[in-house]
Every structure is written in C-alpha cells, then in structure tokens.
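Coordinates in review
Chain by chain, the residues run as shown.
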Number of protein chains: 2
Amino acid sequence: MINDASKSSDVDVQALTALLDGEYAEIRDLVRTNLSTHASVLEEAEELGIDAFRERVRELTVELAATGHSWMGFPKEYGGGGDIGASIAAFETLAYGDLSLLVKVGVQFGLFGGAILHLGTERHHRAHLPDLITGKLMGCFAMTETGHGSNVQALGTVATYDAASQEFVITTHGDAARKDYIGNAARHAELAVVFAQLEVAGKPEGVHAFLVPIRVDGAPAPGVRIEDAGRKMGLNGVDNGRLWFDGVRVPREALLNRFADVTPDGAYESPIENPGRRFFTMLGTLVQGRVSVGGGAINAAKVALAIATKYAVRRRQFEAASDGEEQLLLDYGMHQRRLLPLLARTYALHFAQDVVRTQLHEVFSGDRDDEQARRELEARAAGTKALGTWHATRTIQECREACGGAGYLAVNRFAALKADSDVFTTFEGDNHVLLQLVAKGLLTNYAHEFEDLDQLGMVRFVTGQAVETVIERTSVHKLLERVRDLLPGGDEWDQEAGLLDRDYQLAMVRFREEHMLAGLARRLKRGLDEKGDPGVVFSHVQDHVISVARAHVERLVLEAFVDKLRTLPDGGDDGNDDGNKVALGLLCDLFALSTIESDRAWFMEHGRLTVQRSKAISREINNLCRKIRPLAVDLVDAWGIPSAMLRSPDLVG
Amino acid sequence: MINDASKSSDVDVQALTALLDGEYAEIRDLVRTNLSTHASVLEEAEELGIDAFRERVRELTVELAATGHSWMGFPKEYGGGGDIGASIAAFETLAYGDLSLLVKVGVQFGLFGGAILHLGTERHHRAHLPDLITGKLMGCFAMTETGHGSNVQALGTVATYDAASQEFVITTHGDAARKDYIGNAARHAELAVVFAQLEVAGKPEGVHAFLVPIRVDGAPAPGVRIEDAGRKMGLNGVDNGRLWFDGVRVPREALLNRFADVTPDGAYESPIENPGRRFFTMLGTLVQGRVSVGGGAINAAKVALAIATKYAVRRRQFEAASDGEEQLLLDYGMHQRRLLPLLARTYALHFAQDVVRTQLHEVFSGDRDDEQARRELEARAAGTKALGTWHATRTIQECREACGGAGYLAVNRFAALKADSDVFTTFEGDNHVLLQLVAKGLLTNYAHEFEDLDQLGMVRFVTGQAVETVIERTSVHKLLERVRDLLPGGDEWDQEAGLLDRDYQLAMVRFREEHMLAGLARRLKRGLDEKGDPGVVFSHVQDHVISVARAHVERLVLEAFVDKLRTLPDGGDDGNDDGNKVALGLLCDLFALSTIESDRAWFMEHGRLTVQRSKAISREINNLCRKIRPLAVDLVDAWGIPSAMLRSPDLVG
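All of these numbers come straight from a predicted model, not from anything done at the bench.

From N to C terminus, chain A includes 24 helices and 15 strands. Buried residues in chain A amount to 65% of all 653 residues. Considering only residue pairs separated by 6 or more positions, chain A has 76% of its internal contacts joining residues 24 or more positions apart. Here chain A displays about 22,200 Å² of accessible surface, and carbon together with sulfur accounts for 48% of that area.

Let's shift gears to helix α1 (residues 13-21) of chain A. Residues and elements named next belong to chain A. Within the span of α1, buried status applies to Leu 16, Thr 17, Leu 20 and Asp 21. End-on, the buried residues of α1 take up no more than an arc of 130°, which puts them together on one face. Contacts from the buried residues of α1 go to α2 (25-37), α10 (333-364), α19 (579-598) and α22 (632-637). Residue Gly 22 follows α1 closely and has a positive phi angle near 60°.

It is worth spelling out the sheet that holds strand β9 (residues 224-228) of chain A at this point. All names here are of chain A. One open sheet holds the three strands; their spatial order is β4-β10-β9, and the pairing between them is antiparallel. The open sheet has two free edges, formed respectively by β4 (179-182) and β9, since each of these has just one partner strand. Each neighbouring strand pair of the sheet contributes to a mean axis angle of 20°, computed without reference to strand direction. Both β4 and strand β10 (residues 241-245) contribute to a ladder of two bridges, which runs antiparallel. Following the sheet pairing, Ile 182 is matched in β10 by Gly 241.

Of note, the phi angle at A:Asn184 is positive, near 80°, even though the residue is not glycine. Here A:Asn184 is to be found in the loop between β4 and β5 (191-200). The class for A:Asn184 is buried, based on a relative accessible area of 0%. Positive phi values are uncommon outside glycine, yet B:Arg413 reaches one of about 80°. Mapped onto the fold, B:Arg413 is located in the loop between α11 (371-402) and α12 (414-421).

Our focus in this paragraph is the environment of A:Leu417. Residue and element names in this part refer to chain A. By the secondary structure assignment, Leu 417 is in helix α12 (residues 414-421). A residue is classified by how much of its surface remains accessible, and Leu 417, at 0% relative accessible area, is buried. The contacts of Leu 417, once residues within four sequence positions are left out, are Leu 99, Ala 300, Val 303, Ala 304 and Ile 396.

With an axial shift of 0.0 Å and an RMSD of 0.0 Å, the rotation relating chain B to chain A amounts to 180°. Taken together, the rotation angle and the small translation identify this as a two-fold axis. Ranked by how close their C-alpha atoms come to the rotation axis, the residues of chain B are headed by B:Ala601, at 2.1 Å. Taken together, the interface assignments show that 100% of the residues at the interface of chain B recur at the interface of chain A, consistent with an identical surface on both copies.

Attention now moves to the nonpolar core. Formed by 401 residues in total, the largest nonpolar core has its most connected members in A:Tyr347 and B:Tyr347. With near-sequence residues (within four places) excluded, A:Tyr347 lies in contact with A:Leu16, A:Leu20, A:Phe561, A:Leu584, A:Leu587, A:Leu635, A:Ala638 and A:Trp639.

On the side of chain A, 86 residues touch chain B, which itself brings 86 residues to the contact. Where chain B abuts chain A, roughly 7,000 Å² becomes buried across the two surfaces, and 52% of that area is made up of carbon and sulfur atoms. Broken down residue by residue, the surface that chain B buries against chain A is led by B:Met233, B:Tyr408 and B:Glu605, which jointly contribute 11%. Taken together, chain B and chain A are joined by nine salt bridges. Two residues, B:Asp422 and A:Arg400, come together in a salt bridge whose shortest N-O distance is 2.5 Å.

Residues and elements named next belong to chain A. Mapped onto the elements, His 208 comes out in strand β6 (residues 203-213). By relative accessible area, His 208 is classed as buried at 1%. There is a polar contact of 2.7 Å between the side chain of His 208 and the side chain of Tyr 268. Non-local contacts of His 208, meaning those with residues more than four positions away in its chain, are made with Val 194, Phe 195, Ala 196, Leu 198, Leu 255, Ala 260, Tyr 268, Arg 278 and Met 282.

On to helix α5 (residues 84-94) of chain A. Residues that lie three or four places apart on an α-helix share one face, since the helix turns once every 3.6 residues. Residues and elements named next belong to chain A. Burial analysis of α5 places eleven of its eleven residues in the buried class, the great majority of the element. Buried within α5 we find Ile 84, Gly 85, Ala 86, Ser 87, Ile 88, Ala 89, Ala 90, Phe 91, Glu 92, Thr 93 and Leu 94. Turning to α5, the residues buried within the fold contact α2, α4 (50-67), α6 (99-119), α9 (287-312) and α10. A distance of 3.3 Å separates the backbone nitrogen of Gly 85 from a side-chain oxygen at the start of α5, and that oxygen is part of Asp 83.

If you walk through the whole model with that rule in mind, you get 88 salt bridges over all chains. The shortest N-O distance in the salt bridge between B:Arg28 and B:Asp21 comes to 4.0 Å. Taken as a pair, B:Arg28 and B:Asp21 share a single burial class, namely buried. The shortest N-O distance in the salt bridge between B:Glu513 and B:Arg555 comes to 2.6 Å. Taken together, the residues B:Glu513 in helix α17 (residues 502-530) and B:Arg555 in helix α18 (residues 534-567) connect sequence positions 42 residues apart. No difference in accessibility class separates B:Glu513 from B:Arg555, as the two residues are buried. One network of salt bridges, in which partners are shared, links A:Asp21, A:Arg28, A:Asp29, A:Arg32, A:Glu92, A:Asp354 and A:Arg357.

Analysis parameters
- Residues numbered from 1 in each chain as written.
- Chains lettered and ligands numbered in written order.
- Predicted model: local features only at pLDDT ≥ 70, side-chain atom pairs only at ≥ 80, totals over all residues.
- Heavy atoms only, no water.
- Helix = DSSP H or I, 4+ residues; strand = E, 2+ residues; numbered from the N terminus.
- Buried < 20%, exposed > 50% of the residue type's maximum accessible area, 1.4 Å probe, protein only.
- Contact = heavy atoms within 4.5 Å.
- Areas by Shrake-Rupley, 256 points an atom, 1.4 Å probe, with all protein chains shown as cover.
- Arc of directions from axis to C-beta.
- Pairing = 2+ DSSP bridges.
- Axes fitted to C-alpha atoms, helices over the stretch in contact; angles between N-to-C directions.
- Least-squares fit on C-alpha atoms with pLDDT ≥ 70 in both.
- Core = buried A, V, L, I, M, F, W, Y, C linked by side-chain atoms within 4.5 Å.
- Buried area = accessible area lost by both parts, 1.4 Å probe.
- Salt bridge = Lys/Arg side-chain N within 4 Å of Asp/Glu carboxyl O.
- Polar contact = N/O pair within 3.5 Å; in protein donor to acceptor, adjacent residues only side chain to side chain.

Here it is as structure tokens:
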C-alpha cells in the first residue's frame, strides 16, 4: 500500500459518536432504530409509482409519530415531548434515511404544526395539536405563491374581514397569487395554514395566517381549487400541490391570533405597533424550519461521504507502486483533496448546527428569549441553512463522481440523495436571499431603527449616517494588529510557522468578515452619493453583499468548531493525547486552512497573505490530508449512520 | 426597469445561428425537426415505467436511424453517409432532447458500430454494418469491468485461442471481471464487442476485441449470463447490464483484426510491434465517443441556460427601485454573475468543440491522418470532454437554483437534464483520468520514446533526462517577456488598461500553462530524487497534474474562441461594427477574464497579477456582464433549441 503517513493516533469511534450525538444521543438512537426497521422505504422510493409511494410515506409518517420523535417539540399538555432541541436532533438524524419521509415529517410537524403552535393561541392548540401530533389530522403550510417565492411580504392572496358574518373571505387574486409547491396539499392535507393579506374595513393590515379547511372527506372544500404540482426532480413521496381560493369563508377564530387579532365588530389590534416588525416577528417564529433543513442537509452530506470514503479504501485503480498491485483510491493525493476537506467541513458544520440548535432551544423554551437573542438566532439559522445546504449539494456531487459509474446506480444511494436534497438550497428560503438577510443584519446591527427594513429599505438606509458607524465599528485597524501579532516576525512570516495556530486561523476569518463589511458599507454609501438610484447601486454591490454574509457565517462555523475543541479535556493520565481530540484538531485545521485557501485570492488582494505563505497553506493542506487519510473511515463511522441506510452493497461491502 | 447599461448593438439571431451551425446547418436542422416531431418523448421519460420507456427509446432510435442522421459516420458503401463530422454534429444537436435517446444512439452507432468499423476489417463490415446502420442488429460495447473501470489495460476477461477448433474461448475470471454498466446489454443487444486479454499458445498478447453473440431470439446465448444493472440516477431509457462469459466459443474470424490477427494454426501477428502502442492505437480509434459526449454535454448546458435566461427576464423578485415595481432577476448583479460567465464559457466551449470535431473529421477521413495528428486529437478530445462535461454539470445545477422552486418541477426540464447528464463526467473516460492523460501527453510530447506509458511509466519517465528537456522547452522566460510586453508600463499596469487586449488574455493563459508544466516536471524529478517511490511522488503532485491539464485545455478553448473571432469580417459598409461580432467579442472577453479571475490566486502567487489589476479584472467582469445582459436572450436564442425541447411553460412562457 502506498501510504507515507503513519497513523498518528487512534480514533475511539464509539466515544466520538457519543461526543457528536451529545445530549440527544437517546432520541438519535431511537431514530436510527426506526430507520433500520423501515429501511425498505429506500427501495420503495424507486419501485413504487408516485401515488403508491406517497401513501407509503404518509403511512410511515404516522407510524413514526407513534414512536415519539416526530413531535418532540410540542408541549406535553397536548401530547408532545416538550423538548424543541430534541425534535430538531431527531429530524437531523432522520435525514440519514429517505428524504421524502424527512420532508413529509417536516411539513406536517414543523411547518403546519409549528405555525399553529407559534402563530396560534390556546383555542387553536386545543383544537388541533393533539390530532396533528398523532398524524390523524394532516395539514399544509400555504405561504409560497407562484409570483412571489421569496418575497412573502408581497404575496397576493387576500383575506377580507366581513364584520356582518364575522368571517374572513379568502381569495386568490390572479394566477401569480396561487399557492405553489405546497407540501401535503395535492393529496393529504385537510387543513391549511394560509398566509394572506388581511384587509379589515378596507384597510390593508399586512400578511397574516389563517386556518382554512381545504379538503372534506378527501374532496376539495367548496371554493378551494387544488392542483397537483406533478412530478419533481426528487421528493416524490411528498404530494406538493397548488391552491386557489375563491371567496372561501372561515370564521373569525380561524385567524392565528398570537400577534394580531380582529374584534368581532371589525377592529384590528396588535401588541406590535410597527407593521414591518409585526411581519418579521411572525415570520421569525418559523425559524425552526430553517434550522431543521440545515441540519438535515448536513446529515445527508454525511451519508454521501460515508459511502465515498468506504469505497475509496476498498477500490483499487491503476498501478502506481512497483509491487504490481493497484493503488487504493484514497491513497491518491487528488482523491484525498476531493474528499477530505469536505469531511472536515462536514464536521465543522455539525458543530455549527449544534450551536444554532441550542440557541433555538433556548429561545423557544424561554431560557433566553429576548429581541437580541431572536435576531441572532434568525441570522444564524439563515446562514447555517445556506451554507449547510450548499455543502450538501456540492458534497453529494463530488462523492457521486468519486464513486465513478457505480455512483450512478440507484442502489448506491447517490441518485436519491442528489435528487431529493437538491431543493434544500431553495426551500425554507432561497440561499441567496437568506445570505442577503444575513448581510442586512450585519449592517443594521449598528442602527436599530433599521432592523425591519426590506431590501429597498436596506439600500436606502445607507444614505443615513449609519454607514459611518458601521465603518467605525468594524474595527479593521484593531484586527490588523491582531493578525499581525499572531504572525511570527521576519522571514518566518513566509513560512509554514503559525499556520496551525488556532488564533491565527480565527484572526484571518475575522479580519475578512470585518474588512468586507466595512468595504460594503463604504461602497453602498459612495454608490448612492454618485448615482442615486438604490436599485442600480444594490445590483452593483450584490456579489459583495453575498460575500460578506458568507464570510460572516464561515467565521461562526470556525468559532463553533474551535469552541467545541476547547471544551474537550486534554490528554489522558498517561500523558498521551486523546486520539479523538487529535483527530478533531486535524479536521479543524483542515477546515480553517481550506476555507482560507479557497479565498486566498481575496486575502492576497487585501494584504493579509503573502505569496509564499499562500503556497505554504496549500502545502499544509496536502499534509493534513495525508494525516487524516488513515483516520478517514473511523471519522465517517463515528456519525453512526445505520448500515442499511448506506445500501451500496458493492461499494461499502 | 433597472438597467443602467444601454444595448450596445443588436444581435442578428438568425445570422448567429448560421455562424454557430457552420457547415453542418442542414443536418442540425434535420435533427431539430426530428426532435420536435418526437417531443413527446420528454414526457414519456417521466410517465412510462422503465421497461416501456426502454422499448420506446429503442423504437425511436430505429426510427431516427431511418431519417439518416444517426449513422452519417459510416461508409456510403454500407449504407452510411460517409461524413464523420456530420455524424458528430447530429449527435451534438440530439442532446437538446431526451438524453436516454442520445446515449442509446451513441451506444448503438458510436460505440458498437464504431468499434466494428474501426477495429474490424471488411469481413466484419460486410457482415454487420448494413444491419446495424438500420438498427435491425442491436449491439453493445463490452469494455468496462467492475474491477477495472478506467484501467482498461488491466481488465480480467480472457480470450484463449484454441487452435484445434480454430476458436476463441472467452471467460470471465472472477466477479471483478464481469462486464459492467454496458449500455444495450440488459435488453436489446444481440451482438457484443467484447474486450478481453488475448492468449495464444499460452502467451498473453494484451487486450483485443471480439464479436460475441450474447442473445439468441431474445434469450442469453449459451455460456453468457446477463444481469440488469437496474435503475440508475438517469438515462433509464438505456438498458445497462452486466455480462459474464463462461467458456463462450467464437470462431477465429470473430477477432476484430484490423491491428492484430491470429493465424489458423495459432500464430499471433500484428503490424504494430510494441504491445503498448498497439493497445493505445486500438483505443485511439474509439476517440469519437469522447468527442461526441463532450459536444452533447455542451449542448445540454445550452438547454439549461436558455431556460434560466428566459426565466430571468420574465420573473420579478423584490422591489429595488423606487417605482414600486419588482425587479427582473437578470437585472440583479448577482444573477448576472451567476449566469453570464456560464453563457460565455458555453460559447467558448462551442467553438472549441468545432475544432476537435474538425480534427476528428480530418483524421478519420484521411485528410490529415498521421501519428502526430492522432495524438493531438486524442489529447484534445480527452480535454474537451472533461471540461465540457464538468461545465454541463455545473451549469445545469446553477440554472436549476437560479429558477428556484420552479426549477425543481420535472416539467421544467432540469430534473432530467441533471439526472441524465450527471454520468457524462464519468463515462467515456472519467474526467480526472482523462486530464491525467492530457498531462501525460504534455510531458511526453518532449520524449517520443515514452508516449505509450501507463501511469506508472509516466512517473518513472521523469527519472530520465527528459525532464530537463521539458523544463527547457517550456520557455517560461520567453513567455514572461511576452506578457510584460503586452502590458502598459508604469502606473497603468495596475489599471484596467489592456484587460480587453486579446493578446494579453492569451499571454496570461499561455504563461499559466507553461509555468505549471515546467513546475510539475521539476517537482516530479525532485520528488523522485528525494523519495524514490514513484507512487508516493505521483500521489503528492497529482493535483498539480490535474491543474496543468486544465490550464492546457482552457488555453485551447480560449484560442479556439479567438481564432473564430478573427475569421469574422470587420464591420459593414456603413462603418458600424457587426452586432454579432461585437457580441461575440464581449463573450470572449468575459470568458477570458473570468477564466483568469477564477485562478487569480495562482496568477498572483506567480507574479503575473498585481493586487490592483486583479481587482480591476473583477470590476471589468461586472462591467461586461452589464453589457451582455441586454443581449442575453438573443444569445441563447441563437442556439436554435426547438421550443418544445425547453418545455417549462411557466418559465419561458
């Protein structure tokens, strides 16, 4: 075997799994058991026709609900588990299996159930939570419209209050306002949470949510038109549909009235005065969908990496050494380069997901629920979702290619992984739109009065003096000093020295974020001073906006990894380092340096990287890959993916 | 509308289509008509079960054959069209439609028919070409084995000559030697071209091809075991299968004997003495498969780009200007950045494909068929295939995401495009393996005696003095001068000046290639001097190997674009520039600069780009995007994709 790096230390797989599973080991194991029990669904996804598979997925959704993990996030008084963090952990783990099932669970318990829980009040909870928790009542979440995918504030469905009958009249105005891609709508949902522009006494009050029965005894309710969205790239076990409402009447109590209500005689009232803030508060309660999708995506990537890694230590290709034996794929430098930085990034994202899940749990359990905590959570959820889902798309693609023609066979999982996860970058918020949200948050952090801005508002905001504040507060100069302090002086600057210094790595990604943010603020201001039209200015700097957000989230991800490492105890009594800590340290280094490497042009352009040091980073990455290579199988085994979920009999054998 | 770039000139769509279609306009139009006539196959791909769809695709393959374009490449005397270039152009155009049909046509006429044509002699041609050309005789190409996907030289099927009966006895030795992923094998093929290790009188003579009947009246022939490869990620209209041979006897004449033969009494003879060269000569005749797949991939990318571009000038999202109207997607800077460099690269690859198709035509029509021409063709075909197919994967993905949730619906084409084209990066040569071939060619160009080297040989080769030659001949210093000469002196160096100078762009990509190649040669030599083990050395430099090849092919692609531009006449009588030439010039600039931009870290690391100039390139790219934006729809329309092939009723309207 060609392998010039000796194994530096051993990974204790079981202990590493325990570390990764964390406080949710028990529920994750329950999900693992359920997945193994129902492993046949992976084949059924291929073999059953769409109709039969949809029924199968519905059936499984109900069956899993009975075992307890799907509805952990609901209050105990209605039959739930009262543990939001556990419900997310369960959802993440479910992503090891068939993703139609995952998404169906997400639609039913996360979107539909979550909307009723968070936007409704006791009357809605009492009426619906017990039945939806058992899957007896199936529902859907009707927000997205054909004409306004990401711009929810502009949607076109209208709910007019009729004081005479004390009812809301819900109507789809024009085909652009049809509800589209709605999971559960084509077949199974009886009740829908419908988002519509509320009009009371002729006055528009903005977007609100209403409970609307859409199906009675299996047929569309009067005034409701339902169309099947048809075959999709993947997730064909989920019945996505379109909805039109033609003067559908629902009682006044159908308004999910936690944040606003209409009195019987037609007065609109809300504890939140500012309409923009009201809208974003309502939307904010739905953040758990983003946290769930991000976590699911990261775990889908793990499945792909586990298969590709196991294949790469089994498959030989071409003779390279002189002993006449063909070389294992994972002993090739290029193959290491293709898989191992993705492995490191998956670990990094895993720990970042832990942080956002914990924040979600704290906010929604009331442990730490204030305005600031919610805003932090929303930004972090948006960013982690964007990076996690893009990571999944990229990782699954690379792993498929790394398994060659075998990767193309459906039995080897990549077909379903690719097709099913592809829309993760789009649903629960298009990734580019989410990163713009993150960037907006970064800019407006410094100016509270602008926090509810839409895109146009954000652009206009920079005309104000707030920009100066941003530039001042993004303390570039202070950071420059920090970066410099962390680097060895003199000739050593250009050498490998210090590359594995965690503080150096952190300083680099922090510097990038702050510098980009200050630069963006300056460009926005200058653009408006010169051109005036905010649309044009925004269009010109949009790639910069996205880069800032990405830099911000990558900094959070690296910090999450580093923080995790710092909680681990150092070495054992025998003076030896703990193998798991060593392995995680290597992965953290690889993640940090490959993050810097892929943006090394930027670092050079901004004077933070010399040519020599940039090359040294690439060499160090190759070196780290060689060190991680002997640990790779243990590192994917530690994810605890049930072997039946890998399928791939010829690849992982 | 937010659009600050005025339309610089008009595109004459019809004239541009004529330019792109070139000398093959007629046959491309025939294919376009056929695709429109049979457009229903796009829906059938979704609606029919696998068995029914396979039959449908077979039926269409035969039907299309009757209209004439599928077999243009065969000699007229056997019923073909005698025009290899036309056959490739037809295949490329067929990629606008269902890709199962494309691949079925490729298997039957390209791989199966092509092997008989190029490896066989008159007896095989007379016996089989007329029937295979009409589709009456269906066949398969049984090269790939489970255990040796890319390493054909190491395959395990054995053909032993039995002089007594004057037969070859063909046997699968071990399960790793089963033929795998063989198109047409699971259902339709009656005859197979089987690649096996020939043994004559106990002596191994290397890999040769044999005609083996595998099916008689629909049942497997005696001694042949056939297994269905099962469901795949895509291309489910093609019946891929596995084959095992258990002492199957075929007559002596079944050897495709153009390059080697066995006499009745068991003497092996070949006009090519060197076994390695013989093997590569045989394989070299199959190059048209790579040229076809590369061209097909580029056209599949066009379909995706056409849909995404048309959607982006139709769909509005978010308010950005002050007029209350939402902004068109393609007026967003980020959206331009996502789509337009891909559009430019697609044009560049189109012209690069023209060059490789022309070379193929010349070599196989005997217009210019010498050793040097064949080697150039093979390297160019490998490189264009790799870059073209990766481009397709990336482009289709980006376009799907750019169409949001709508892009996920099967009716909008991306589902099939993604799933069907995904394996293009793998079949007809894994892209990484192909790029290694290209790099080997670059190294061994300077040392003829090493031209038949396998990977191990290539690594060993660098111990020889040949490296010195490489280093000397890659005239880095001369190139440095050229780059410098093309740049303005003094302060201007750091400015935009000269970025749109075509000679500057060319000098940059040429410099990169030569510098990388010389560096690789040096690293190989130094590595062997220090470590000795060629396997380890190769593993360490493998990413460098891939980079060299990529840089080489991108240089060829840019040269093809520039050469094309130079053949176009300048302006009209009225002194105005021709709109199409202007538009192509913008695309060429965008391709050149975005190629440099994506590798700008390398250019900075190697002193070819200052920080200021690197930033100037990014600005110029944004500027070019804004200039191309008003032309974008015309530029995708010029590809002449039949509207029925776009489907997407809600996206392109």
